[in-house]
Amino acid sequence: MDKPEKASVRFLTSESAGSLIAAVITIIIGLLLGLLILLIIAPTIALPAFRMLLTGGFGKIGVLSGIGRVLYYAVPLIMCGLAVGFTLKTGVFNIGVAGQYVMGLFAGLYVGISCAGIFGSFTWLAAIIAGAAAGGAWGFIQGVLQAFFNLNAIICGIMMNYTGLFLVSMIVENSKGVYVRGRGWTEIVPDAAVIPRAGLNNLFGNSTAANLSIFICIALCIFAWFILKKTTLGYRMKAVGLNAGAARYAGISVRKSILVGMLLAGAFAGLGGAMNHLGASGTRYAITDALPSQGFAGISVALIASSNPLGIIISGIFIAFLEVGGVGMQSFGLDPDLVDVITSVIIYFCAFSFVFKYLYFKLAARLRRSE
Amino acid sequence: MDVVYFFCQQMLLSVVPLLIVALGGIFSEKGGVLNFSLEGLMLAGAFAGAFFLRATQDAVSGNGMYFLALLVAGAAGMITMILQGIAAINLNGEQIISGMAINLLIPALTIVIARAVIGVLQVGYRNVFRIPETPFFSKIPVIGDIFFKNAYISTLVGLAVLILSIFVFKYTRFGMRLKACGEHPQAAASMGINVKKTRYTGLLISGFLAGLGGLAFVVPNATEYSATVAGYGYLAVAVVIFGQWQPGHILWASLFFGAIKTLANVYTSIPFLASMGASNYLFKMTPYVATILVLLFTSRKSKQPAALGEPYDRDDTA
């Protein structure tokens, strides 16, 4: 006779528990490989350097500045992770996040620098809304190319990334009052355009740039979770992601799902770019030919969390934590790129994380039988 | 006329690596395994090749060594490709994700290794491989000017790879079998073909060519390896799609993309373009916009292998 299962058993055998276990395993493998590389390239300082990587995010004991720094780093990572994860739920692998991020970053800076006289102390708000709009528009264009012209999402994303990057460089170069001629960078963001600290500076100290935007991130993740979990729109999007053919047969518009998904994802990424650059005072944007790394880090953030918007908050903070630790490793003369090695190894193992899930469920089933 | 020759010589520097790498791409994709990791493979090859040249340059140098370095680069690409093989063929994983992981892993890893071994992230070497004038051949009108002045041996390697690829897919048993694995793996298996083994072979050839192409890009276009191949690996993925997975078409696709890329690189040396006064970034943007436009017109009638990206599981046949 079946007896009602305890809540703990129900959780341990649920899909989310499997995802969680798989995520933890991929992270551990990534970290161990990072340690292995450290032991090979710098055996004498490997262990203290690795400790720095794992604890640098906490900062010094008794001071919360490390955590404040992590929360500042986490903002673009969470937003880019959300931009990847949200579209992944509709079956689109959004590699164009880097381009959407740059577009948002530029629109945010432009409004922040040139419209401070119009919006006064609300300039920062106008600027990040402009960032979201620009990122959303860029994502929407990509969505149109994919939905109506059948363009391969991956290629389309990559081409839109580079196009966006160079387009921004071109516009920045020709923007009077925003661009500093001969220096290759923009003016400093005025104080009115810097996002308020919301009291976080009292908690983490004035040296860190933790600000209101981390709360905006969390609110948006909850919003995305709500859309996917509780609304018809989200239900349709997930149906398209699971089986586009079946969804179309059931009368769901695949094109609409892709368009809405890309529009919102672009807005998330654009907002992330704007909030990152308006988060600290005294920042500039320097013209570059390299795509922003946050766009690609967003992929690992989303994959670790199995694209769950609430999980993305945690995995974004985790990757930010590693990045802060990686910066700390420079004091050992080591390259912070080791963090990129670790995150890409994690992405690699995410490609077949269902293997870990499968093994876990097999183990769980055996344990239950033996009870 | 000199401007035309100059442009053609410059164009070869872009076309040859694109051609080799994109041909590498189809050896994997014709067999049904997505190869999105071309960028990472190029980087792995370029890094290993540059390192090899750096290590041996004091003993021997010259074009013989460049040829050897190309082989080393190919081997490095091949080894890197095993990662994709494990994820895609052995574990039936998400091929785009593992490919993306390789693209992100290799640049970071090469930076870490280069910093640890030689102290800086740039792997420099004495670049003595340009052949200003090939004896005899450079005297041939037009062809001599384009192919045999300021030439690199990688151009000939590219030509050889092209001819071999056409031959393999058209006339050899292996080529036929590889295509069968990409179109309908279950049917191939029922004819006694070992699908996993055939796909692995294609994958390793793919890695070899992409790695080789990576060095063939870095040596003529840069003086050192600095963890970038300027997005050529991603362009090569577009060349594969634009070239409809056919070696012959891939030549035309590479010429097209190579021409646009070259225009972006050398427009300042071409008087009438330089006098337009357009932004540098407009030219940098052109290849990517052109890719999107071209794909707009070709994506609908795609001839991609039917089973591309689908893992093969023997249980499916039951």
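Residues numbered from 1 in each chain as written. Chains lettered and ligands numbered in written order. Predicted model: local features only at pLDDT ≥ 70, side-chain atom pairs only at ≥ 80, totals over all residues.

**Quick word on the overall build of chain A**
Turning to step 1, where the next piece is worked out: For chain A, the helix and strand inventory stands at 17 helices and 2 strands.
Turning to step 2, where the next piece is worked out: The C-alpha atoms of chain A give a radius of gyration of 22 Å, which matches the 21 Å a tight globule of 371 residues would have.
Turning to step 3, where the next piece is worked out: Overall size of chain A, expressed as C-alpha extent along the three principal axes, is 75 × 60 × 40 Å.
Turning to step 4, where the next piece is worked out: Among the 371 residues that make up chain A, the fraction classed as buried is 55%. (Helix = DSSP H or I, 4+ residues; strand = E, 2+ residues; numbered from the N terminus. Rg over C-alpha atoms; globule rule 2.2 N^0.38 Å. Buried ≥ 20, exposed ≤ 12 C-beta atoms within 10 Å, placed from the backbone.)

**Observations concerning the overall build of chain B**
Turning to step 1, where the next piece is worked out: If you tally the helices and strands in chain B, you get 13 helices and 4 strands.
Turning to step 2, where the next piece is worked out: Going through the 318 residues of chain B one by one, you find that 52% of them count as buried.
Turning to step 3, where the next piece is worked out: Across chain B, the fraction of contacts at a sequence separation of at least 24, relative to all contacts at a separation of at least 6, is 78%. (Contact = placed C-beta atoms within 7 Å.)

**Quick word on the environment of G143 of chain A**
Residue and element names in this part refer to chain A.
Turning to step 1, where the next piece is worked out: Structurally, the position occupied by G143 is in helix α7 (residues 123–149).
Turning to step 2, where the next piece is worked out: Owing to 29 C-beta atoms within 10 Å, G143 belongs among the buried residues under this scheme.
Turning to step 3, where the next piece is worked out: With 133 residues separating them in the primary sequence, G143 and N276 have C-alpha atoms 25 Å apart.
Turning to step 4, where the next piece is worked out: Non-local contacts of G143, meaning those with residues more than four positions away in its chain, are made with I258, L259, M262 and L263.

**Re the nonpolar core**
Turning to step 1, where the next piece is worked out: Counting 222 residues, the largest nonpolar core has I78 and F268 of chain A together with A46 and V239 of chain B as the members making the most contacts within it.
Turning to step 2, where the next piece is worked out: The contact partners of V239 of chain B, leaving out residues within four places of it in the chain, are L18, A22, I250, A253, S254 and F257 of chain B.
Turning to step 3, where the next piece is worked out: One finds L178, C181, V195 and Y312 of chain B within the second-largest nonpolar core, a separate group that totals 6 residues. (Core = buried A, V, L, I, M, F, W, Y, C linked by C-beta atoms within 7 Å.)

**Thoughts on the environment of P311 of chain B**
All names here are of chain B.
Turning to step 1, where the next piece is worked out: Along the chain, P311 turns up in the segment after α13 (280–298).
Turning to step 2, where the next piece is worked out: Given 19 C-beta atoms within a 10 Å radius, P311 is considered partly exposed.
Turning to step 3, where the next piece is worked out: Separated by 221 residues in the primary sequence, P311 and N90 place their C-alpha atoms 9.0 Å from one another.
Turning to step 4, where the next piece is worked out: Setting aside residues up to four positions removed in sequence, P311 forms contacts with A88 and N92.

**Focus: the confidence of the model for chain B**
Turning to step 1, where the next piece is worked out: Residues with a pLDDT of 70 or more make up 97% of chain B, whose mean pLDDT is 86.
Turning to step 2, where the next piece is worked out: With pTM at 0.87, the complex prediction returns an ipTM value of 0.85. (pLDDT = per-residue confidence, 0-100.)

**Structural notes on unusual backbone geometry**
Turning to step 1, where the next piece is worked out: With a phi close to 50°, S306 of chain A is a non-glycine residue in the positive phi region.
Turning to step 2, where the next piece is worked out: Within the fold, S306 of chain A resides in the loop between α14 (293–304) and α15 (309–329).

**Observations regarding the interface of chain A and chain B**
Turning to step 1, where the next piece is worked out: At the interface, 37 residues of chain A touch 37 residues of chain B.
Turning to step 2, where the next piece is worked out: Residue assignment for the side of chain A that touches chain B shows that the elements contributing at least two residues are α2 (15–41), α7, α8 (153–173), α14 and α16 (337–350) of chain A.
Turning to step 3, where the next piece is worked out: With 12 residues, the single largest contributor to the side of chain A that touches chain B is α8 of chain A.
Turning to step 4, where the next piece is worked out: Split by residue class, the side of chain A that touches chain B holds 28 nonpolar, 5 polar and 4 charged. (Nonpolar A, V, L, I, M, F, W, Y, C, P; charged D, E, K, R; others polar.)

**Section: the packing of helix α4 (residues 65–88) of chain A against α14 of chain A**
All names here are of chain A.
Turning to step 1, where the next piece is worked out: Packing of α4 against α14 brings their axes to within 7 Å, and their N-to-C directions diverge by 60°. When the axis of α4 is compared with that of α14, the two are oblique. Between α4 and α14 the crossing geometry is right-handed. Where α4 abuts α14, its residues P76, L77, I78, C80, G81, A83, V84, G85 and L88 lie against Q294, G295, A297, G298, I299, V301 and A302.
Turning to step 2, where the next piece is worked out: Considered class by class, the residues forming the contact of α4 with α14 number 11 nonpolar, 5 polar and no charged. (Axes fitted to C-alpha atoms, helices over the stretch in contact; angles between N-to-C directions. Parallel < 35°, antiparallel > 145°, perpendicular 65-115°, else oblique. Left-handed = near helix turned anticlockwise from the far one by under 90°.)

**Describing the packing of helix α3 (residues 63–90) of chain B against helix α9 (residues 195–221) of chain B**
Residues and elements named next belong to chain B.
Turning to step 1, where the next piece is worked out: At a minimum axis distance of 6 Å, the contact between α3 and α9 shows a crossing angle of 140°. Here α3 lies oblique to α9, going by the angle between them. Handedness of the α3/α9 crossing: right-handed.
Turning to step 2, where the next piece is worked out: Residues of the contact of α3 with α9, tallied by class, amount to 18 nonpolar, 9 polar and 2 charged.

**Observations regarding the environment of K284 of chain B**
Turning to step 1, where the next piece is worked out: Relative to the helices and strands, K284 of chain B resides in helix α13.
Turning to step 2, where the next piece is worked out: Classification of K284 of chain B by C-beta neighbours within 10 Å gives buried; the count is 20.
Turning to step 3, where the next piece is worked out: Sequence-wise, K284 of chain B and N265 of chain B are 19 residues apart; in three dimensions their C-alpha atoms are separated by 7.8 Å.
Turning to step 4, where the next piece is worked out: The residues contacting K284 of chain B, other than those within four sequence positions of it, are F166 of chain A together with A264 of chain B.

**Topic: α13 of chain B**
It helps to recall that an α-helix has 3.6 residues per turn; residues three or four apart then point in one direction.
Turning to step 1, where the next piece is worked out: The end-to-end C-alpha separation of α13 of chain B is 29 Å, in line with the 27 Å expected for 19 residues at 1.5 Å each.
Turning to step 2, where the next piece is worked out: T286 of chain B marks where α13 of chain B bends most, by close to 35°; the proline P287 of chain B follows one to four residues later.
Turning to step 3, where the next piece is worked out: Those residues of α13 of chain B lying buried are Y281, F283, K284, M285, P287, Y288, T291 and L295 of chain B.
Turning to step 4, where the next piece is worked out: Of the surrounding secondary structure, the elements contacted by the buried residues of α13 of chain B are α8 of chain A together with α10 (232–242) and α11 (247–266) of chain B. (Expected span 1.5 Å × (residues − 1). Bend = angle between axes of the 7 residues up to and from the residue.)

**Topic: helix α3 (residues 46–55) of chain A**
Residue and element names in this part refer to chain A.
Turning to step 1, where the next piece is worked out: Buried within α3 we find A49, F50, M52 and L53. Angularly, the buried residues of α3 cover 155° about the axis, an arc narrow enough to put them on a single face.
Turning to step 2, where the next piece is worked out: On its buried face, α3 sits against α2 and α15. (Arc of directions from axis to C-beta.)

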